[in-house]
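Structural characterization, general
The residues making up each chain are set out below.
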Amino acid sequence: MNNNEALPGKLIAVEGLDGSGKSTQIHLAHQWLKGMGCKVFFTEWNSSELVKEATKIGKKKQLLTPTTFSLIHATDFADRYDRQMLPMLKGGYIVLCDRYIFTSFARDGVRGCRPDWLRSLYGFARIPDLTLYFRLPLKTSLERILNGRPNLKYFEAGMDMGYSLDINESFRIFQGKVMEQYENMFKSFPCVTIDATKPIHDQQSLVRKTITETLDIAQFQKGGPK
Amino acid sequence: MSKKRFYHLPPPAVDPSKLSGVLIVIEGMDSSGRSTQIDKIAPWIEEKGYAVSRVGLKRSQLVGDALDAAKQGNVLSAQTMALFYATDFYDQLENRILPALRAGYVVLADRYIFTLMARDIVRGVEYEWVKSLYSMAVIPEAVYYLNVSWRTRVDRTLSAHHTLDYWESGMDIGLSRDWFDSFAIYQRLMSTQFRRMQKEYGFEIINANRNAEEVDRDLKSRIGSLLERRYHL
């Protein structure tokens, strides 16, 4: 990964299984930073307008292979990275990412894409200044998703892998494998692990404390010190 | 089969030993006469009794529309464009080229990863990154590079279209505001990249400054003996 150039902004990423509550947590952190008048920008996985159409078509028609699935997400990421994240970082913003390259490493890794190929693919992406990994037992994550209204989508449930004809069962197996990937990855990659079984408010206190330790909030406040 | 079939390793879930067909690539810059040659070669191979599948760099249904829309606005970075094209390439590779090779077809490709790589590199994307990006591509049995002088290509382009193409003139890069100058610089940059790949990827250089019949004879004799070797030995 490419961190050659020092940038005035800071990059914060959250990762974790579906149902880990990471989106809630980063949303609360976003509100908090905004409330303090910070220059902050939020972006989420798979959200580039330009790429959306292709992703939709491919997913609907189930045309995607592990390789094209991975590439389409890398295209989405690169588009957001080059046109939003990097300029924002250069402009001195705190950039919050709901899922980052680790999501691809985990999911595409389960789909059989080779780790070295994936790492090279995302070689242009900076290592976050802070990576928060929301960890919870597989069982809890599955309960949270499957006990709600499990409107699972084909690829989200890993149906393309042919684990099971039952979409809920396929999701269980797929999530288990994604979890293994995350656990292995974050054994060696620096991150702050958050216990996602704790009450939302407790987690958020820890998130805020960690952010405060990672960056100097005052530096990012509009009209604050440059 | 012990021969290496992929530049690095095959895409997930692809078994190289099942690929009994032959991939033949015709590369060359614009107006080098590629499609004219392929139009003659494809039926000729079929006459010899081999099934032929023609592929090109045309957009697949997967990213075609999105890519066209993005090109319209010209807002994507070189890197994003590279990934878009790579998605499109692998879609074709996995859904058209590999199935045809599995079925024992002769796959005739009107351009391949080399044109895509050259375009990306000219736009500032790193060579090593692009190489890794395309490292799951099938290695062709032969890459015939139609080499045509700059003068001939300019003449052919202008007489065929009476204008220059925005992308093929590299107007998106901002080489020059003058279309002809930009076209000239861009074509030179592209040919530098092709020269660089020549040795690494083992292109057979075909002198395509000759008239179409001579080029056709040359290609047929090469392809004829290649098919002989591959299917009968």
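Structural notes, computed from the coordinates. Note that the structure is a prediction, hence the values are computed from the model and not measured.

Re the overall build of chain B
Of the regular secondary structure elements, chain B holds eight helices and five strands. Secondary structure elements of chain B occur, N-terminal to C-terminal, as β-α-β-α-α-β-α-α-β-α-α-β-α. Expected size for 233 residues packed as a compact globule is a radius of gyration near 17 Å; at 18 Å, chain B falls within 12% of this value. If one aligns the C-alpha atoms of chain B with their principal axes, the spans along those axes are about 55 × 40 × 30 Å. Counting across all 233 residues of chain B, residues that qualify as buried make up 40%.

Focus on the interface of chain A and chain B
Counting residues at the interface gives 28 residues for chain A, matched by 25 residues for chain B. Counting only elements with at least two residues in the side of chain A that touches chain B, the list comes to helix H2 (49–60), helix H3 (66–90) and helix H5 (115–121) of chain A. At eleven residues, the largest contribution of residues to the side of chain A that touches chain B is made by H3 of chain A. Counted by class, the side of chain A that touches chain B contains 14 nonpolar, eight polar and six charged residues.

Brief notes about helix H1 (residues 22–35) of chain A
Given 3.6 residues per helical turn, the α-helix brings residues three or four places apart onto the same face. All names here are of chain A. Look at H1: 20 Å from first C-alpha to last across 14 residues, which is about the 20 Å you get at 1.5 Å a residue. Within the span of H1, buried status applies to Lys22, Gln25, Ile26, Ala29 and Leu33. Taken down its axis, H1 places every buried residue within 90° of arc, on the same side. The exposed set on the far side of H1, more than 90 degrees from its buried face, consists of Gln31, Lys34 and Gly35. The inward-facing, buried residues of H1 contact strand S1 (10–16), strand S2 (40–44), strand S3 (94–98), strand S4 (130–135) and helix H8 (200–214). One or two residues past the end of H1 sits Gly37, with phi positive at roughly 75°.

Focus on the environment of Asp181 of chain B
You can see Asp181 of chain B is positioned in helix H7 (residues 179–200). Counting along the chain gives 65 residues from Asp181 of chain B to Leu116 of chain B, while the straight-line C-alpha distance between them is 22 Å.

Some points on unusual backbone geometry
Backbone phi values are negative for most residues with the exception of glycine, while trans is the configuration of most peptide bonds. You will see that Asn46 of chain A, though not glycine, has its phi angle at about 60°, which is positive. Phi is positive for Ala13 of chain B, which is not a glycine, with a value near 70°. Under the C-beta neighbour-count criterion, Ala13 of chain B is labelled exposed, with 12 such atoms within 10 Å.

A look at the environment of Leu175 of chain B
Residue and element names in this part refer to chain B. Tracing the chain through its elements places Leu175 in the loop between helix H6 (150–161) and H7. Separated by ten residues in the primary sequence, Leu175 and Ile185 place their C-alpha atoms 7.2 Å from one another. If we skip the residues at most four places from it in the chain, Leu175 touches Gly170, Ser182, Ile185 and Tyr186.

Considering the packing of helix H1 (residues 34–47) of chain B against helix H8 (residues 212–232) of chain B
When two helices pack together, their arrangement is given by the angle between the helix axes and by the axis-to-axis distance. Residue and element names in this part refer to chain B. The N-to-C vectors of H1 and H8 enclose an angle of 45°; their axes lie 10 Å apart at closest approach. Judged by the angle between their axes, H1 and H8 are oblique. When you trace H1 past H8, the crossing you get is right-handed. The segment H1 lies against H8, with Thr36, Gln37, Lys40, Ile41 and Trp44 engaging Ala212, Val215, Asp216, Leu219, Lys220 and Ile223. Partitioned by chemical class, the residues of the contact of H1 with H8 number six nonpolar, two polar and three charged.

Notes on the sheet that holds S3 of chain A
Strand pairing in a sheet takes place through backbone hydrogen bonds and is either antiparallel or parallel in direction. All names here are of chain A. The strand order S2-S3-S1-S4-S5 describes an open sheet built from five strands, whose pairing is parallel. Either end of the sheet is taken by a strand with one partner, and the two such strands are S2 and strand S5 (192–195). On average, adjacent strands in this sheet sit at an angle of 20° to one another, irrespective of strand direction. Inspection of the sheet shows S2 paired to S3 by five bridges, in the parallel sense. Residue pairing across strands places Phe41 opposite Val95, the latter belonging to S3.

With respect to the sheet that holds strand S5 (residues 203–207) of chain B
Residues and elements named next belong to chain B. Spatially, five strands are ordered S2-S3-S1-S4-S5 in an open sheet, and the strand pairing comes out parallel. The sheet is open, and its two borders are formed by strand S2 (52–55) and S5, each paired with just one other strand. Adjacent strand axes in the sheet meet at a mean angle of 20° when their direction is disregarded. The sheet contact formed by strand S1 (residues 22–28) and strand S4 (residues 142–147) spans five bridges and is parallel. Bridging from a neighbouring strand, Ile26 pairs with Tyr144 of S4.

Thresholds applied
- Residues numbered from 1 in each chain as written.
- Chains lettered and ligands numbered in written order.
- Predicted model: local features only at pLDDT ≥ 70, side-chain atom pairs only at ≥ 80, totals over all residues.
- Helix = DSSP H or I, 4+ residues; strand = E, 2+ residues; numbered from the N terminus.
- Rg over C-alpha atoms; globule rule 2.2 N^0.38 Å.
- Buried ≥ 20, exposed ≤ 12 C-beta atoms within 10 Å, placed from the backbone.
- Contact = placed C-beta atoms within 7 Å.
- Nonpolar A, V, L, I, M, F, W, Y, C, P; charged D, E, K, R; others polar.
- Expected span 1.5 Å × (residues − 1).
- Arc of directions from axis to C-beta.
- Axes fitted to C-alpha atoms, helices over the stretch in contact; angles between N-to-C directions.
- Parallel < 35°, antiparallel > 145°, perpendicular 65-115°, else oblique.
- Left-handed = near helix turned anticlockwise from the far one by under 90°.
- Pairing = 2+ DSSP bridges.

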